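One letter stands for each residue in the lines below.
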Amino acid sequence: MRIHVLHTGEVRVSPYLPFGGDHCSLLKASGFTTPKKDWIWLPVSCYLIEHPQGLILVDTGWHRDMSPHGVFDKKAQIKSLGSWFLYHVNQGRIAAGEAIDEQLQSLGIKPSDLDYVLLTHLDCDHANGLRAVRNAKHIIVAQEELDCARKNGFIRYKKKWWEGCDLQTIEWNGTEGPADKSFDLFGDGSVVMVNIPGHCDGLCAVRLTNDRGQFVLLFGDGGYAARSWQEMITSGIALDKQMQRKSLEWIREQSLDPDCMESLATHDTDIKPHIIEL
């Protein structure tokens, strides 16, 4: 396998959102009590996997229409997200050429060439760009996450991000992970989605394993950086804080495994775009 670690723009948040810890209030994590000068910019990563059984994309980042000129654009972002509230919680920008469809094009890949799009979850900085790759053959999300989006749509999620996309939900076929729920995409252990709830109900990590047992872990927003699992710092946004911590413990265990080649969070400022040969 070859894994392309791509940055599809940036997101600006209160520092308490990624690293608020176990006792952070939702108000504090959302940034309403933190001056904008103290907010931080974080990368928004997506991952393109060249697998023997097809091309796989994990997450989609921002859509170009929220940053049409390659810079931060308040009006365009509010229109793209469909939410004044979400704009005040996280702001985004995408430099020219960084939107997921633009990066695929630079690699000679059309969205219709994608065999699978795996969504770790449906938060805006992971699913807003989904419309740009809606012609992929299969777009997969956990049923728990789709249900979570329906329950929390007024504030956190907007259906417009995936309207016109044929979302396919998975039936768990394994018991790996902190919630004993996993999905083996090809049935050979090479691509496994592992439910790591807490941040949201259907959040999934994606573990990619070669035939020698070495693996790469993509843990989405199960933590926001390596320091999350190294220091056991939960994020400020969680639907189930106890489960979030249990999921972070699983991420730590996996990351410390001698066979783990890389363990990657979506928003880690220490991670630069690169290619992993697995």
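Everything below is about the structure printed above this text.
Only a predicted model underlies this, so the values are computations on that prediction, with no experimental measurement involved.

With that settled, the discussion passes to the overall build of the protein. Within the protein, the secondary structure is distributed over nine helices and 13 strands. Taking 2.2 N^0.38 as the reference for a compact globule, 278 residues should give roughly 19 Å; the C-alpha atoms of the protein span a radius of gyration of 17 Å, in line with that estimate. Nonlocal contacts in the protein, meaning residues at least 24 apart in sequence, comprise 68% of its contacts between residues at least 6 apart. Of the charged side chains in the protein, 29 are positive and 37 negative, and the gap between their average positions amounts to 9 Å.

Within this structure, the stated rule accounts for four aromatic pairs. The interplanar angle of 25 degrees and the centroid separation of 5.8 Å between the aromatic rings of F32 and F85 together place this pair among those described as stacked. Placement of the pair is F32 in the loop between α2 (26-29) and β2 (40-51) and F85 in helix α4 (residues 84-89), with a sequence separation of 53 residues. Taking the relative accessible area as the measure of exposure, F85 reaches 29% and is therefore partly exposed. Plain terms: the ring middles of F72 and Y87 are 6.2 Å apart, the flat faces sit at 15 degrees to each other, and that makes the pair stacked. Taken together, the positions of F72 in the loop between β3 (54-58) and α3 (74-81) and Y87 in helix α4 put the pair 15 residues apart, joining distant regions of the chain.

Glancing now at the sheet that holds strand β9 (residues 191-195). Here we have five strands laid out as an open sheet, ordered β8-β9-β10-β11-β12, and mixed in their pairing. Two strands in the sheet have a free side with no partner beyond their single neighbour: β8 (182-184) and β12 (260-264). Between one strand axis and the next, the sheet turns by 15 degrees as a mean value, whatever way the strands run. Pairing of strand β10 (residues 204-209) with strand β11 (residues 215-218) involves four bridges; the strand directions are antiparallel. Considered in β11, the bridge of T209 is made with F215. Across the sheet, helix α9 (residues 241-255) touches β9, β10, β11 and β12, and the angle it forms with β11 is around 155 degrees.

To continue, consider the environment of A76. With respect to the helices, strands and loops of the structure, A76 is situated in helix α3. What makes A76 buried here is its relative accessible area of 11%. When near neighbours in sequence (up to four residues on either side) are disregarded, A76 contacts D65, M66 and P68.

Right, let's get into unusual backbone geometry. Of note in the backbone geometry, D180 takes a positive phi value of approximately 60 degrees without being a glycine. Among the structural elements, D180 can be located in the loop between β7 (167-170) and β8.

Quick look at the pairing of strand β6 (residues 139-142) now. Burial along β6 is two-sided: I139 and V141 and I140 and A142, pointing in opposite directions, are all buried. Pairing of strand β5 (residues 116-118) with β6 involves two bridges; the strand directions are parallel. In the strand pairing of β6, V117 is matched with I139. Where β6 and β7 come together, four bridges link them in parallel fashion. By the bridge assignment for β7, V141 is matched with T169. Traced from β6 through helix α7 (residues 143-151) to β7, the parallel crossover comes out right-handed.

Here we take up the pairing of β10. Both faces of the sheet carry side chains from a regular strand, because those side chains alternate between them. Within β10, six of the six residues are buried, leaving the element largely enclosed by the surrounding structure. Because side chains alternate across β10, one face comprises the buried residues C204, V206 and L208, and the other comprises A205, R207 and T209, equally buried. One ladder, built from five bridges, connects β9 with β10; its direction is antiparallel. Paired with V194 across the strands is A205, a residue of β10.

So, how was this worked out
Residues numbered from 1 in each chain as written. Predicted model: local features only at pLDDT ≥ 70, side-chain atom pairs only at ≥ 80, totals over all residues. Heavy atoms only, no water. Helix = DSSP H or I, 4+ residues; strand = E, 2+ residues; numbered from the N terminus. Rg over C-alpha atoms; globule rule 2.2 N^0.38 Å. Contact = heavy atoms within 4.5 Å. Lys, Arg positive; Asp, Glu negative; His and termini not counted. Charge placed at Lys NZ, Arg CZ, Asp CG, Glu CD. Phe/Tyr/Trp six-rings, centres within 6.5 Å; stacked < 30°, edge-to-face > 60°. Buried < 20%, exposed > 50% of the residue type's maximum accessible area, 1.4 Å probe, protein only. Pairing = 2+ DSSP bridges. Axes fitted to C-alpha atoms, helices over the stretch in contact; angles between N-to-C directions. Right-handed = clockwise from strand over helix to strand, strands pointing away.

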